[in-house]
Amino acid sequence: MAKFNKDSVGGTILVVLLLSLVCSVIVAGSAVMLKPAQEEQKLLDKQKNILNVAGLLQENTNVKETYAKFIEPRFVDLNSGEYVEKADDSLQAIPADQDKARIRARTQTAEVYLVKDEQGQTQQVILPIYGTGLWSVMYGLVSVQPDGNTINGITYYQHGETPGLGGEIENPNWAGLFKGKKLFDAQHKPAIHIMKGQAPKDDHSIDGLSGATLTGNGVQGTFDYWFSDNGFSKYLEKLQAGAN
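Rules and cut-offs
- Residues numbered from 1 in each chain as written.
- Predicted model: local features only at pLDDT ≥ 70, side-chain atom pairs only at ≥ 80, totals over all residues.
- Heavy atoms only, no water.
- UniProt positions renumbered as here; feature names shortened; annotations may be inferred.
- Core = buried A, V, L, I, M, F, W, Y, C linked by side-chain atoms within 4.5 Å.
- Buried < 20%, exposed > 50% of the residue type's maximum accessible area, 1.4 Å probe, protein only.
- Helix = DSSP H or I, 4+ residues; strand = E, 2+ residues; numbered from the N terminus.
- 1 Å grid on protein atoms, 1.4 Å probe; cavity = no way out; pocket = protein on both sides within 12 Å on 5 of 7 lines; lining within 4 Å.
- Points joined across faces, edges and corners; volume = space filled by probe spheres on them.
- Nonpolar A, V, L, I, M, F, W, Y, C, P; charged D, E, K, R; others polar.

- The name an unreviewed UniProt entry assigns to the chain is Na(+)-translocating NADH-quinone reductase subunit C, from the organism Rodentibacter myodis.
- The annotation that UniProt attaches to the chain under Sequence similarities (unreviewed entry) is "Belongs to the NqrC family."
- Under the Function (unreviewed entry) heading, UniProt states for the chain: "NQR complex catalyzes the reduction of ubiquinone-1 to ubiquinol by two successive reactions, coupled with the transport of Na(+) ions from the cytoplasm to the periplasm. NqrA to NqrE are probably involved in the second step, the conversion of ubisemiquinone to ubiquinol."

As structure tokens, this is what we get:
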């Protein structure tokens, strides 16, 4: 049998292949072992964001216990505004002239989160929204009071907008401007208006983000879409009427 020569071309290639195989096995094994922990952390982050926009997240909050006690997830059929028993993740294409959020398609259902008090009464409902900004898809949550119209709070928790400019959508001071604003006008049409510069003191206008007009346009489009008949408008109308 010929002696293995690791310094030969063939030997070098064989060593590289064996090393690559070993590394691949280690990486794949690590990924499999870490996946449960990653999924657990992903769920915890989601629950934190929901508690945050609900005003239930404090420094020492036990996230799992607080979420389980006060939050009730429900699925909503976006076409009817009715609750359904399970999610339908099949995609529905959005006509270009209606795609204000520039997301192209959405699922048939959305998961919403009812925020209960100690007596089990719904105090607010949290709705997931997302839309395209200047550089990225921006993911957020909007908390709405039981009247189906008054904003209780918003948060943007994932995006890739420019730090210090469009990234200011994460700033709690800017998010705080939405509290108490009305989502709809008297005709139940989307009415939130992101202004360029300082906004007037009314029920619908929000100060724009300085130096981030295109990100602001993305926020505007996101609200225009998700609170239209294609988004949560039908659901919130039923909530307001006490039908949900």
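### Examining the nonpolar core
Right, so step 1: The biggest cluster of nonpolar side chains holds 38 residues, and the ones touching the most others in it are F223, F227, F232, Y235 and L236.
Right, so step 2: At the level of elements, β5 (109-116), β6 (122-132), β7 (137-144), β8 (151-158), α3 (172-175), α4 (213-226) and α5 (233-241) are the ones that each hand at least two residues to this core.
Right, so step 3: For this core, the element with the most residues is α4, which contributes 4 residues.
Right, so step 4: Grouped together as the second largest cluster of nonpolar side chains are 11 residues, A54, I71, I126 and L141 included.

### Describing the layout of surface pockets
Right, so step 1: Empty space within the largest pocket amounts to approximately 760 Å³.
Right, so step 2: Lining of the largest pocket is provided by 24 residues; of these, K46, Y113, P128, Y139 and Y157 occupy positions nearest its centre.
Right, so step 3: Those elements giving two or more residues to the lining of the largest pocket turn out to be α1 (9-54), β5, β6, β7 and β8.
Right, so step 4: With 6 residues, α1 is the single largest residue contributor to the lining of the largest pocket.
Right, so step 5: Class assignment for the residues of the lining of the largest pocket results in 14 nonpolar, 5 polar and 5 charged.
Right, so step 6: Size it by volume and the second largest pocket reaches roughly 230 Å³.
Right, so step 7: In this structure, the second largest pocket is lined by 14 residues; those nearest its centre are N52, I154, T155, P172 and A175.
Right, so step 8: Every element with two or more residues in the lining of the second largest pocket is listed here: α1, β8 and α3.

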